[in-house]
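# Observations on the three-dimensional arrangement
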Amino acid sequence: MNDAHVINHIQSKIGGVLHICTETCCTQTMHVHVHKKDGVEHIRWARNNKPWMCKGTFVRSLNYVFICKKTGTIHHCTEECNLEPVPNDDHTLACPVSGVQWNNETEVVRSWKLTSKCVPTIVSDKRDPNMFSRAKDGTVLTQTLNIKDESCKREVHRTLVLLVCSHRRKCQELEKFHHGRQLGIKQVNRYMKHCRDNNKCITACTMMNILVTETFSKPVFLRIMSRFEPQIESITDHVYPIIVKLWNIVEMPRQIAFDIFVPAMLYILQRGIRVDGNVIIKKYELFDTILPDANTLDDFDIAKSTFTQTKNTIRMCIRKLLKQYSVDELKEIF
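Residues numbered from 1 in each chain as written. Predicted model: local features only at pLDDT ≥ 70, side-chain atom pairs only at ≥ 80, totals over all residues. Heavy atoms only, no water.

## Some details on unusual backbone geometry
- One non-glycine residue with positive phi stands out, namely Asn-199, at about 55 degrees.
- For Asn-199, the location among the structural elements is in the loop between α4 (167-197) and α5 (204-215). (Helix = DSSP H or I, 4+ residues; strand = E, 2+ residues; numbered from the N terminus.)

Here's what the structure looks like:
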């Protein structure tokens, strides 16, 4: 049952005086669905709505179906639309009934309500320009901080605190410790069983060695976390300029938010970026110790797929910059 057969069937049921609709006609949208029961397809519309017609029997729906309130004429707007197109508010020719502009085999709805959902817009910051330069009583300090730069710096600081010394990181490290300890106890039990089966002496030092080795087979950062927690501020001051500079220079798609860009850059700085043996972005050695495993970022509400995609996009943008600048010029920029 094709679309033309469905429309002709509904038109025969409605009757009315057929005519060609124009932009002056008052039309109403019709909901037309095709359902299947016992191998036979049935048309569901306002005058034929059976109780058995549900999601389980649904086959497909017809889009852009309109009925003229005055004459009862049905118009189904498709790429073969035979109505005379009229210019709309965007000065493009569109169907006078549906408002759809057909272009070969694709349709474009010219509506700001729909396009605004996909096209990123520039939002101006209306907050207090001295919000980061005020004392507790509200007076402005002599030092003036740029609201955009300071917001970015605080986002870098917030991300570092989250990944290095937050409650979530402590829970993650404790879980890692308990998992390693359980493995260590299992190995100790196997050692004791082996000694009993072979009539050998059980050595306490060997048991302790097995337990400690298995428990800390993966480094537990919790033991040294307190040493790095006071350094978060200085680490932020060191890496923040690099992150913001790269954010401003590279041709980043602006649909990637800065709070997603920051963790991706932190893990890029963990390894650095080299081109033909030349260091473009230096490796930050401390990140090897303090950052958690990238595979566990879901524990910090950082989506792994978005994180990986952002890292790849940053590297792609740097490769594009290499076509415009030499390696030495890029090293000076960063």
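## A word on the packing of aromatic side chains
- If you walk through the whole model with that rule in mind, you get 7 aromatic pairs.
- Arranged with centres 4.9 Å apart and planes meeting at 65 degrees, the rings of Trp-247 and Phe-261 form a pair that is edge-to-face. Residue Trp-247 is located in helix α7 (residues 232-249), and its partner Phe-261 is located in helix α8 (residues 258-271); the two are separated by 14 residues in the primary sequence.
- For Trp-247, a relative accessible area of 11% puts it in the buried group.
- Exposure remark for Phe-261: the relative accessible area of 0% places this residue in the buried category. (Phe/Tyr/Trp six-rings, centres within 6.5 Å; stacked < 30°, edge-to-face > 60°. Buried < 20%, exposed > 50% of the residue type's maximum accessible area, 1.4 Å probe, protein only.)

## Some remarks on the side chain of Gln-270
- With respect to the element layout, Gln-270 can be found in helix α8.
- By relative accessible area, Gln-270 is classed as buried at 14%.
- If near-sequence neighbours (up to four positions away) are discounted, Gln-270 is found in contact with Lys-283, Tyr-284, Phe-287, Asp-288 and Leu-291. (Contact = heavy atoms within 4.5 Å.)

## Here's the deal with the sheet that holds strand β2 (residues 32-37)
- Ordered by their spatial adjacency, 3 strands build an open sheet running β3-β2-β4, and the pairing between neighbours is antiparallel. Each edge of the open sheet carries a strand with a single partner, namely β3 (40-44) and β4 (58-62). For this sheet the average axis-to-axis angle between neighbouring strands, irrespective of direction, equals 25 degrees.
- Relative to β3, β2 runs antiparallel, the two being bridged by 5 bridges. For His-33, the partnering residue across the bridge sits in β3 and is Arg-44.
- Sheet strands in contact with helix α1 (residues 3-14) are β2, β3 and β4, and its direction is about 75 degrees off that of β4. (Pairing = 2+ DSSP bridges. Axes fitted to C-alpha atoms, helices over the stretch in contact; angles between N-to-C directions.)

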